[in-house]
Amino acid sequence: MSLFKPLLESGRIDFKGQDLAANLSNALLVVSALVALGVGFSQNALSLTFYTYAGGVLLTFLAVLPAWPHFNKTPIEWLPRNTASAGAALVDSPQRPSSRKTLVEDVSDDDDY
């Protein structure tokens, strides 16, 4: 269990790793569904189909859920934080005009009936 602990605690993967994990999980789930249908059809047992698919889902969880190192091959280098200009941008932003009507207010103001 000590092997999986750092993988589960870090949980950091890059954007390409997220795309790879999504594509891998989709492919593994489709393949496991096809294998489960084939096994269930050949053995003529619906319960065997469900058990085979459940095994494929567990295999997919083990392949995708931990943050394996191959999901973080291209980490993002963020720019350093500039704290002086971060607060100024919030103060200098103009406020929204409060006199704008929404569509519901425009319709409810019509007294033509």
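Residues numbered from 1 in each chain as written. Predicted model: local features only at pLDDT ≥ 70, side-chain atom pairs only at ≥ 80, totals over all residues. Heavy atoms only, no water.

**Student:** Before we go on, may I ask you to explain the environment of Tyr51 in this structure?
**Tutor:** Topologically, Tyr51 is positioned in helix α3 (residues 46-64). It is 9.4 Å that separates the C-alpha atoms of Tyr51 and Gly40, two residues lying 11 residues apart in sequence. (Helix = DSSP H or I, 4+ residues; strand = E, 2+ residues; numbered from the N terminus.)

**Student:** So what exactly am I meant to see when it comes to the side chain of Ser25 here?
**Tutor:** Along the chain, Ser25 falls in helix α2 (residues 15-43). Setting aside residues up to four positions removed in sequence, Ser25 forms contacts with Thr60 and Val64. (Contact = heavy atoms within 4.5 Å.)

**Student:** I tried to follow the packing of α2 against α3 on my own but got confused; where do I start?
**Tutor:** The description of two packed helices rests on the angle between their axes and on the distance between the axes. In the contact formed by α2 and α3, the axes pass within 8 Å of each other and the chain directions differ by 160 degrees. With respect to their mutual orientation, α2 and α3 come out roughly antiparallel. Read as a crossing pair, α2 and α3 show a hand that is right-handed. (Axes fitted to C-alpha atoms, helices over the stretch in contact; angles between N-to-C directions. Parallel < 35°, antiparallel > 145°, perpendicular 65-115°, else oblique. Left-handed = near helix turned anticlockwise from the far one by under 90°.)

**Student:** Would you take a moment to explain α2 for this structure?
**Tutor:** Count 3.6 residues to each turn of an α-helix, and residues three or four apart come out pointing the same way. With 29 residues, α2 extends 42 Å between its outermost C-alpha atoms, agreeing within 8% with the 42 Å of an ideal straight helix rising 1.5 Å per residue. The set of residues buried in α2 consists of Gly17, Ala21, Ser25, Ser32, Ala36 and Gly40. Considering only its buried residues, α2 is in contact with α3. Just downstream of α2, Asn44 is the residue with a positive phi angle, here 60 degrees. (Expected span 1.5 Å × (residues − 1). Buried < 20%, exposed > 50% of the residue type's maximum accessible area, 1.4 Å probe, protein only.)

**Student:** Mind showing me how you'd approach the UniProt feature "transmembrane region" (unreviewed entry) in the chain here?
**Tutor:** What UniProt calls "transmembrane region" (unreviewed entry) maps, in this numbering, to residues 20-42 and 48-68. Helix makes up 100% of residues 20-42 and strand 0%. Its end C-alpha atoms lie 33 Å apart. Along residues 48-68, the helical share is 81% and the strand share 0%, with 31 Å between the first and last C-alpha atoms. (UniProt positions renumbered as here; feature names shortened; annotations may be inferred.)

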